[in-house]
Amino acid sequence: MNMLKTPFNTPHDTAPFSSINQADFIPAFDVAIAETREEIDRLVANPESATFENTIAALAFSGMRLDRISNIFFNLHSAETNEDLDKIAQEVAPKLSKLSNDITLNFDLFERIKAIYEQKGSLDLNAEQLMLLEKNYKDFVRNGALLAEDKKQQLRDIDAELSVLKLKFGEHVLADTNAYQMHLLDPAELAGLPEGAVEAAQELAKEQGKEGWIITLDYPSYIPFMTYAENRARREELAIAAGKKAFQDNENNNESIVLRIVNLRHQRANLLGYPSHAHFVLEERMAKDPETVKAFLNDLLAKGKPAAEKEFAELSAFAKEIDGLEQLQKWDGAYYSEKLKQLKFNLDDEKLKPYFRLENVMQGAFDIANKLYGIHFKEVGTIDKYHPDVQTFEVRDNHGGLVAIFYADFFPRKGKRNGAWMTSFKPQYIKDGENERPHVSIVCNFTKPTATKPSLLTFNEVTTLFHEFGHALHGMLANTTYPTLSGTSVYWDFVELPSQVMENWCYEEEALALFAKHYQSGASLPMEYVEKIKESAAFLEGLATVRQLSFGLLDMAWHGQDPSSIQKVKDFELAAFADTTIYPDVADNAMSPSFSHIFNGGYSSGYYSYKWAEVLDADAFEYFKEEGIFNTEVAKKFKDNILSKGGTVHPMELYKAFRGKEPSVDPLLKRAGLIA
């Protein structure tokens, strides 16, 4: 398939996965990069004076073919990679980094942007155009446009090296994840495991031509074992293996990469005139600066830690009472938490899972989106897929108009990284009078169907699916002119609001009634279970809060200061965790070498944004609860002011337009049971 023949001759211009030849990627990238350079050269060489249309709008729509190829390639690299794609990624990343630098460090291009920026007050620009102009100007300044030539070259070198290091970091984590297996031959070692988990482990062994059962570090295998397996020694083995990812004496060790990344980021920030990487990043966030973030995290820590310590004491006493355990360790947490939850609420995932068949949960998310936003999902077989597991849907409005193309990819496999995420293959934008609709995907790692059972989700997986679907709605309902401001192209500490607010419907009886039905009998989830889900929502929330805050504080520790004197990753991490430590440390484990969010993803100096967005989502959902969780007027305000607007307006202004006021932290603290 010639990757450069875009638009593709496919339904809705969707990616032609089945006819893509991997060998075509590098030539396609090379041609598209050259094409983008030509577009920029023409823009700069325009003899006419710089205007919004011939410079700012032209820049926003440049490189569209390259963006499509990049979206397809890097999404495959996350969800369906192999050694060839890994090599291509390492070759392509520096080329893309160089192109990005060549554009943002192009003095003549910046002069045109600057000329328009300096007369913005006298131009008749709408809010979106003004935002695009300001964003472009800031992007150029924040990426070195005002630097001297020798400093620009330093910046280029740093960015090229960072682009490769981040890729290597992710590849090492995936390699260590795939390299570990716990092969069990004694059925006694499976005691406590749910039937579905046992069956999945047996099928995995059969796939490899082995006897017995295989447990891996993939979440659908790892989480049930850590939650239910009675064999403490095996839990310890598995937990330590997970904690050692990219932190062991092999070719996948990421310690030197972590230190190199944080030092390069710090050097880059200093070059641009910022005290630290965090100062650089947070300038373009709702939080504004590291001091605000640290104060926010520490304020929540002050409220959450007493609850966490009390919960840990209760959990420890419970473990000692039932099993004589003297010291609760990290590999005991999930196991005894589940047992205590069953005792307190008579509620465990195995009772709930039969009511959460994957197909029903997905349909439930569709039905809720339909009730709130008037959109309809229809599975279609005409859209190409990159793997047989992927499902494809057309999304239409009440008048039959196309809203989006939606991909869902739910099961783990060797070439797919762990976790769950939303992404897109094509953004939404308006050009030449055409509203180009987005192609959005959610990728998860849920338990595969077995010979005797469909894919049944834990309640945590139900909320994960709704979370990613919330991101997807943000992408699908986008309605902006420029692709660079569309959908999820918003401040990082705002991007989690649509996803996290969506999780709230999972706890509401009216919403659960739509999809929580027993996969065999069709019976609805009993009311007593619904009540127990609500009651247990704040169970051990202090521990969960402190854990999340610890990740945010670790991120700020790495990026909020000069890291040049840091010698050992583990020692530094222990110091960063000092105020949030609840469980005893495990000497063989470290989090940073596999902390993909901040070293391979986009969350460096931004991990706090999950908690920040929780404040927003709790406050936003309070409004829905006041007016009715399916109230179409509130939903319309949320769609019109948040989901459709992308990054066209400052997020606090968008939030106030929706809510009528700034968010309060109280709904979050109440929901977490941290205040009455």
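1. Examining the overall build of the protein
Step number 1: Along the backbone of the protein there are 27 helices and nine strands.
Step number 2: Across its three principal axes, the protein shows a C-alpha extent of roughly 80 × 60 × 55 Å.
Step number 3: Counting across all 676 residues of the protein, residues that qualify as buried make up 58%.
Step number 4: Considering only contacts within the protein whose residues lie at least 6 apart along the sequence, 74% involve residues at least 24 apart.
Step number 5: Of the accessible surface of the protein, which amounts to about 27,600 Å², a share of 49% is contributed by carbon and sulfur atoms.

2. Looking at the sheet that holds strand E4 (residues 391-397)
Step number 1: Spatially, E3-E4-E5-E9-E6 is the arrangement adopted by the five strands of the open sheet, whose pairing is mixed. Each of the sheet's edge strands pairs with one partner strand only, and the pair in question is strand E3 (375-379) and strand E6 (421-426). Recorded for the sheet is a direction-independent mean angle of 25 degrees between the axes of neighbouring strands.
Step number 2: Bridge analysis of E4 against strand E5 (residues 402-409) gives six bridges, and the strand direction is antiparallel. If you follow valine 395 over to E5, its bridge partner there is alanine 404.
Step number 3: Packed on one face of the sheet, helix H3 (residues 64-79) meets E5, E6 and strand E9 (439-443) and runs near 145 degrees to E6.
Step number 4: Of the strands in this sheet, E3, E4 and E5 are in contact with helix H16 (residues 358-373), which crosses E3 at around 150 degrees.

3. As for helix H25 (residues 632-643)
Step number 1: Taking 1.5 Å per residue as the helical rise, H25 with its twelve residues ought to reach 16 Å, whereas the 14 Å between its terminal C-alpha atoms falls clearly short.
Step number 2: Inspection of H25 places Val634, Ala635, Phe638, Asn641, Ile642 and Leu643 among the buried residues, and these make up the whole buried set. One side of H25 holds all its buried residues, which, seen down the axis, span an arc of 155 degrees. In H25, those exposed residues whose orientation departs by more than 90 degrees from the buried face are Glu633 and Lys636.
Step number 3: Of the surrounding elements, those touching the buried residues of H25 are H16, helix H17 (459-476), helix H18 (497-503), helix H24 (609-627) and helix H26 (651-659).
Step number 4: Sitting at the head of H25, asparagine 631 places a side-chain oxygen 2.9 Å from the backbone nitrogen of glutamate 633.

4. So, the pattern of salt bridges
Step number 1: This structure, assessed with the given rule, holds 43 salt bridges.
Step number 2: Where salt bridges share partners, they join Glu80, Asp389, Asp409, Arg413 and Lys416 into one cluster.

5. Concerning the packing of helix H9 (residues 219-228) against helix H10 (residues 232-243)
Step number 1: Contact geometry for H9 and H10: axes closest at 9 Å, N-to-C directions at 140 degrees. Judged by the inter-axis angle, H9 sits oblique to H10. With respect to the hand of their crossing, H9 and H10 are arranged in left-handed fashion. Contacts from Tyr222, Phe225 and Met226 of H9 reach H10 at Arg234, Arg235, Leu238, Ala239 and Ala242.

6. Some points on the pairing of E5
Step number 1: Counted residue by residue, E5 has seven buried out of eight residues, so it is predominantly covered.
Step number 2: Counted between consecutive antiparallel strands, the loop separating E4 from E5 contains four residues, among which glycine 400 sits at a positive phi close to 90 degrees.
Step number 3: Pairing analysis gives five bridges linking E5 to E9, with the strands arranged parallel. Paired with tyrosine 407 across the bridge in E9 is serine 441.

7. Observations regarding helix H22 (residues 569-576)
Step number 1: Those residues of H22 not exposed but buried are Val569, Lys570, Phe572, Glu573 and Ala576. Within H22, the buried residues cover an arc of 165 degrees as seen down the axis, which keeps them to one side.

8. Examining the packing of aromatic side chains
Step number 1: Evaluation of the coordinates by the stated rule reveals 54 aromatic pairs.
Step number 2: Measuring from ring centre to ring centre gives 5.9 Å for phenylalanine 377 and phenylalanine 406, while their planes differ by 80 degrees; the resulting arrangement is edge-to-face. Within this pair, whereas phenylalanine 377 is found in strand E3, its partner phenylalanine 406 is found in strand E5, the two being separated by 29 residues in sequence.
Step number 3: By relative accessible area, which is 15% here, phenylalanine 377 ends up buried.
Step number 4: Relative accessible area serves as the criterion here: at 0%, phenylalanine 406 is assigned to the buried category.
Step number 5: Here the aromatic rings of phenylalanine 624 and phenylalanine 658 are separated by 6.4 Å at their centres, their planes lie at 35 degrees, and the arrangement is tilted. Of this pair, phenylalanine 624 sits in helix H24 while phenylalanine 658 is found in helix H26, placing the two residues 34 residues apart along the sequence.

9. Let's talk about unusual backbone geometry
Residues other than glycine predominantly adopt negative phi, and peptide bonds predominantly adopt the trans conformation.
Step number 1: Although it is not a glycine, histidine 12 sits at a positive phi angle of roughly 60 degrees.
Step number 2: The topology assignment puts histidine 12 in the segment before helix H1 (25-45).
Step number 3: Looking at histidine 12, the relative accessible area reads 28%, which means it is partly exposed.

10. Some words on the nonpolar core
Step number 1: Counting residues in hydrophobic clusters, the biggest one holds 144 residues, and the most contacted among them are Phe356, Phe406, Phe466, Phe469, Trp505 and Trp558.
Step number 2: It is helix H13 (residues 290-323) that provides the largest number of residues to this core, a total of ten residues.

11. Digging into the side chain of glutamine 548
Step number 1: Position of glutamine 548 relative to the elements: it lies in helix H21 (residues 541-559).
Step number 2: For glutamine 548, a relative accessible area of 18% gives the class buried.
Step number 3: If near-sequence neighbours (up to four positions away) are discounted, glutamine 548 is found in contact with Tyr607, Tyr610 and Lys611.

12. Comments concerning a negative patch on the surface
Step number 1: Taken together, the side chains of Glu509, Glu510, Glu531 and Glu535 make up a negatively charged region of the molecular surface.
Step number 2: Of all the elements in the fold, those that place two or more residues in the negative patch are helix H19 (509-515) and helix H20 (527-536).
Step number 3: Structurally, glutamate 535 can be placed in helix H20.

What counts as what
Residues numbered from 1 in each chain as written. Predicted model: local features only at pLDDT ≥ 70, side-chain atom pairs only at ≥ 80, totals over all residues. Heavy atoms only, no water. Helix = DSSP H or I, 4+ residues; strand = E, 2+ residues; numbered from the N terminus. Buried < 20%, exposed > 50% of the residue type's maximum accessible area, 1.4 Å probe, protein only. Contact = heavy atoms within 4.5 Å. Areas by Shrake-Rupley, 256 points an atom, 1.4 Å probe, with all protein chains shown as cover. Pairing = 2+ DSSP bridges. Axes fitted to C-alpha atoms, helices over the stretch in contact; angles between N-to-C directions. Expected span 1.5 Å × (residues − 1). Arc of directions from axis to C-beta. Polar contact = N/O pair within 3.5 Å; in protein donor to acceptor, adjacent residues only side chain to side chain. Salt bridge = Lys/Arg side-chain N within 4 Å of Asp/Glu carboxyl O. Parallel < 35°, antiparallel > 145°, perpendicular 65-115°, else oblique. Left-handed = near helix turned anticlockwise from the far one by under 90°. Phe/Tyr/Trp six-rings, centres within 6.5 Å; stacked < 30°, edge-to-face > 60°. Core = buried A, V, L, I, M, F, W, Y, C linked by side-chain atoms within 4.5 Å. Patch = residues over 30% accessible without salt bridge, like charges linked within 9 Å, V, L, I, M, F, W, Y side chains within 5 Å. Lys, Arg positive; Asp, Glu negative; His and termini not counted. Charge placed at Lys NZ, Arg CZ, Asp CG, Glu CD.

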